[in-house]
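Analysis of the macromolecular model
The primary structure of each chain is shown beneath.
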Amino acid sequence: MATAQQSASNDWQAINGQHHLHPFTDIKDIKEKGALIIESAKGVYLTDSDGDEILDAMAGLWCVNMGYGNPELAQVAQQQMNQLPYYNAFFKTAHPPVAKLSSMLAQLAPKNLNHTFFTSSGSEANDTVIKLARRYWAVQGKPQKNVIISRTNAYHGSTIGAGSLGGMAPMHEHGTVIPDVEHIKQPYWFEACCELGKGITVEEVGKQATQALVERIELLGVDRVAAFIAEPIQGAGGVIIPPDNYWPEIKRICEHYGILLIADEVICGFGRTGQWFGSDYYNLEPDFMPIAKGLSSGYLPIGGVMVSDRVTEVLLEKGGEFNHGYTYSGHPVCAAVAVANIELMQRTNIVETVNDKTAPYLQKAWAKLAEHPLVGEARGLGMLGALELVQDKAAFKRFDSDQGVGMICRDHCINEKLMMRAVGDIMIISPPLVMQESDIDTLVERAHKALDLTQKTLAT
Ligand SMILES: *Cc1c(COP(=O)(O)O)cnc(C)c1O
C-alpha cells in the first residue's frame, strides 16, 4: 500500500504533468515518467516529496552557492518587501538596495569595472551586452563594427539574443538566430583527442583555438568586429577548462585588435573558481562581465552586466538614451538579497575557504574517479568538475550517442541520491561553495557507485 507521503507525491506529479510545460525537457517523456518533486532543501541537501534526501552536487543550476535555507536571506527579502517591494529605475529614480549593490559590485570586480546594468537573468544580461557592445562602436561612428565572435558549444542563455551568442546547434533551432554573430573553435582538449583518436598536447589545443580568433577577425576585417564573448570556463558545454596558454593569448589578441572582451561570468562569478570572478582567476580585465546565478545564490532572480570604465567613458561623453531595460532591472527585493548574499560571503570568507580548503579537497577526491574504467578524463577547477564517460580510454573513443550513457548514469545518480547532471556523456558537478569535506566524500562515493551501476547496465 502506498504511504500517505507517496500518494501526496503522486498527486503533485499528476497535477504537474497535466499543466506545466518544463524548460529544456521532452514533454512526452515527462508526461510518461513524471517529474521528481522537490519540496524543501537545507544546506546542500534537497528533500523530495517521498521524504528522501538528495545531495545536490549542482547547486540547483550552478547558482545556490551559499546553500539552501539561509534564514538571513529570507529575512532581508521580507524586510525589503515590507519597506519597498517594487520601484523602477526608468524614471530617473533609484532606491537604496540597487545603489548599494552597484557600489559593492564595483568594489569586488576587477578594478576597471565600476558600473552595472541590472537584469533578472543571465540571458537578459547577454541580450544587454549585445546592445551595449554595438552601441559602444555605433556612438563612435562605427555602426558596421557590430559582429560578436563567440565559440562553438558556448552557453550564454536561451533568449533569442543570448541563444544566438551560444554555440550549441540545438539552441539554434526554431530559425531564431540573429545576424552578425560568428562562432569559432572552443579550447577543448579531450574532444580534440577524441577527434584524432590519440593524445595531443594541451598547448597545441590552446594555440589552435586562439589562432581561430585571429583568423576570424582577419577574415571579417577588424572594422566589422565589435567584441569577443566567452565563459572563462565553459559550464553548460561540459565544464571545459581552457589550456593555460589560452586566456593570456586571447587577452593579447583582443588588445591588439582593439576589440571588446566579454567574459560571461554567470557561472564563474561569485567564488566558483576559488576567486571572486573567473576574470580574477585568469587575470582578465574584460570590458563587460555578464553576471547572474551566484549573485543572489539563486534565492531571487537577478543578473546584470558589469561595464568597464573605457566603455562607460565613451557612453558618457557621447550621451544619448540607451533604449533598453527591463521592468525588473535592479528590483529592490532581488537587489537587497544580493547585497545580503555578498555580505554573507564576505563575512564567512567563503571564497578563501573554497580556494584554500574545499576546492583542493574536492579536486583531489574527484581526480581519483579517473581510475574508473568508464572515465576517460576526470577534470575540474575550483568547485567545478566533469567526467568524460568513454567506451575505450586508451583510444579516446566515446560511446555512440544513441546509447544515452550519460542519461543512464544520471538516472543511477538520482537513485543513489546524488544530483549530478549529464551533458551528453559528460557528467558534471558544480556543488554549493558551502559544501563540507564529509559531503564531498559522500558525493564522490555516490558518483563512484553510479559509475559502477552504469557499467553494469551497459554490460547487460
Ligand atoms: C546559465 C547561464 C546563462 C543564462 O542565465 P539564465 O539566468 O538562465 O538566463 C548565461 N551564461 C552562462 C555562462 C550561463 O551558465
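Further up the page is the structure itself.
In this report, the structure presented in the accompanying data block is examined. All values derive from a computational prediction rather than experimental measurement.

1. With respect to the site of the ligand
The local shell around the ligand consists of S121, G122, S123, N126, Y155, H156, G157, E231, D264, V266, I267 and K293. Across the complex, the protein chains shield 83% of the 380 Å² of accessible surface that the ligand would expose by itself. Residue composition of the shell around the ligand, grouped by class: 3 nonpolar, 6 polar and 3 charged.

2. Brief notes about the packing of helix α15 (residues 405-415) against helix α16 (residues 437-459)
For any two helices packed against each other, one specifies the crossing angle of their axes together with the interaxial distance. Interaxial distance between α15 and α16 falls to 9 Å at its minimum, and their mutual angle equals 130 degrees. Accordingly, the angle class assigned to the pair α15 and α16 is oblique. In the packing of α15 onto α16, the handedness of the crossing is right-handed. Between α15 and α16, the contacting residues are V405, I408, C409, H412 and C413 on the first element and A450, L451, L453, T454, T457 and L458 on the second. By residue class, the composition of the contact of α15 with α16 is 8 nonpolar, 3 polar and no charged.

3. Observations concerning the packing of aromatic side chains
With the rule as written, the count across this model stands at 11 aromatic pairs. On the numbers, 5.7 Å between centres and 75 degrees between planes, the contact of F117 with F322 is edge-to-face. Linking F117 in strand β4 (residues 113-119) with F322 in the loop between α12 (309-318) and α13 (332-347), this pair joins segments that are 205 residues apart in sequence. When the centroid spacing of 6.4 Å and the interplanar angle of 40 degrees are considered together, the rings of W247 and Y282 count as tilted. Of the two residues, W247 is situated in helix α10 (residues 246-257) and Y282 in the loop between α11 (278-281) and β9 (288-291); the sequence distance between them amounts to 35 residues. As far as burial versus exposure is concerned, W247 and Y282 are alike and both buried. Against the face of W137 rests K145, its NZ or CZ located 4.5 Å from the ring centre.

4. Description of the side chain of H156
Along the chain, H156 turns up in the loop between β5 (147-151) and α7 (160-165). By relative accessible area, which is 2% here, H156 ends up buried. Within the structure, the side chain of H156 is placed 2.7 Å from the side chain of D264, a separation counted as a polar contact. Leaving out residues up to four positions away in the same chain, H156 has contacts with G122, S123, N126, S150, A162, L165, G166, I229, A230, E231 and D264.

5. Quick notes on helix α8 (residues 189-196)
When α8 is considered as a whole, its buried residues turn out to be F190, A192, C193 and C194. On its buried face, α8 sits against α9 (202-220), β11 (375-381), β12 (384-392) and β13 (397-398). Trailing α8 by a residue or two, G197 shows a phi angle of about 75 degrees, which is positive.

6. Some words on the environment of E182
In this structure, E182 sits in strand β6 (residues 181-184). Overall, the relative accessible area of 24% leaves E182 in the partly exposed class. For E182 and V225, which are 43 residues apart along the polypeptide, the C-alpha to C-alpha distance reads 9.7 Å. Once residues lying within four places of it in the same chain are set aside, the contact partners of E182 are V147, I148, I149, S150, R216 and L220. One polar contact links E182 to R216, side chain to side chain, over a distance of 2.8 Å.

7. Concerning the sheet that holds strand β14 (residues 418-419)
Taking strand neighbours across the sheet as the criterion, the 4 strands line up as β1-β2-β3-β14 in an open arrangement whose pairing is mixed. Two strands lie at the open edges of the sheet, namely β1 (38-42) and β14, each paired on one side alone. The pairing of strand β2 (residues 45-48) with strand β3 (residues 53-56) spans 3 bridges and is antiparallel. By the bridge assignment, L46 is partnered in β3 with I54. α16 contacts β2, β3 and β14 of the sheet and is inclined by roughly 100 degrees relative to β3.

About the criteria used
- Per-chain numbering applies: the sequence of each chain, read as written, is numbered from 1 onward.
- Reporting of local features is limited, given that this is a predicted model, to residues whose pLDDT is at least 70; pairs of side-chain atoms are given and counted only at 80 or more, and all residues count toward the totals for whole chains, interfaces and linings.
- To obtain the side-chain values, all non-hydrogen atoms of the structure were included, while hydrogens and water were left out.
- In this text, near means that some heavy atom of the residue lies within 4 Å of the molecule or strand in question.
- For the accessible areas, the method is Shrake-Rupley and the probe is 1.4 Å, while residue cover comes only from the protein chains on display.
- All amino acids are sorted into three groups, where Ala, Val, Leu, Ile, Met, Phe, Trp, Tyr, Cys and Pro are nonpolar, Asp, Glu, Lys and Arg are charged, and the leftover types, Gly among them, are polar.
- Interaxial angles span 0 to 180 degrees and are taken between N-to-C directions of axes, which are lines fitted to C-alpha atoms, for helices over the stretch in contact.
- Put simply, DSSP H or I for four residues or longer makes a helix, DSSP E for two residues or longer makes a strand, and each gets a number counted from the N terminus.
- In what follows, roughly perpendicular refers to angles from 65 to 115 degrees, roughly parallel to angles under 35, roughly antiparallel to angles over 145, and oblique to any angle outside these ranges.
- If you view the pair so one helix is near and one far, a crossing is left-handed when the near helix is turned anticlockwise from the far one by less than a right angle, and right-handed when it is turned clockwise.
- Contact criterion: two residues are considered in contact whenever any of their non-hydrogen atoms come within 4.5 Å of each other.
- Between 30 and 60 degrees the pair is tilted, below 30 it is stacked and above 60 it is edge-to-face, where a pair is any two Phe, Tyr or Trp rings, Trp via its six-membered ring, whose centres lie within 6.5 Å.
- Think of it in three bands: residues with accessible area under 20% of the maximum for their type are buried, residues over 50% are exposed, and the middle band is partly exposed, with areas taken using a 1.4 Å probe on protein chains only.
- The criterion is that NZ of a Lys, or CZ of an Arg, lies within 6 Å of the ring centre and within 35 degrees of the ring normal, and then a charge sits over that ring.
- As used in this structure description, the phrase polar contact means that two N or O atoms lie within 3.5 Å; if the pair is within protein, one of them must be able to donate a hydrogen and the other to accept it, and residues adjacent in sequence are counted only when both atoms belong to side chains.
- For two strands to pair, DSSP has to find at least two bridges joining them.

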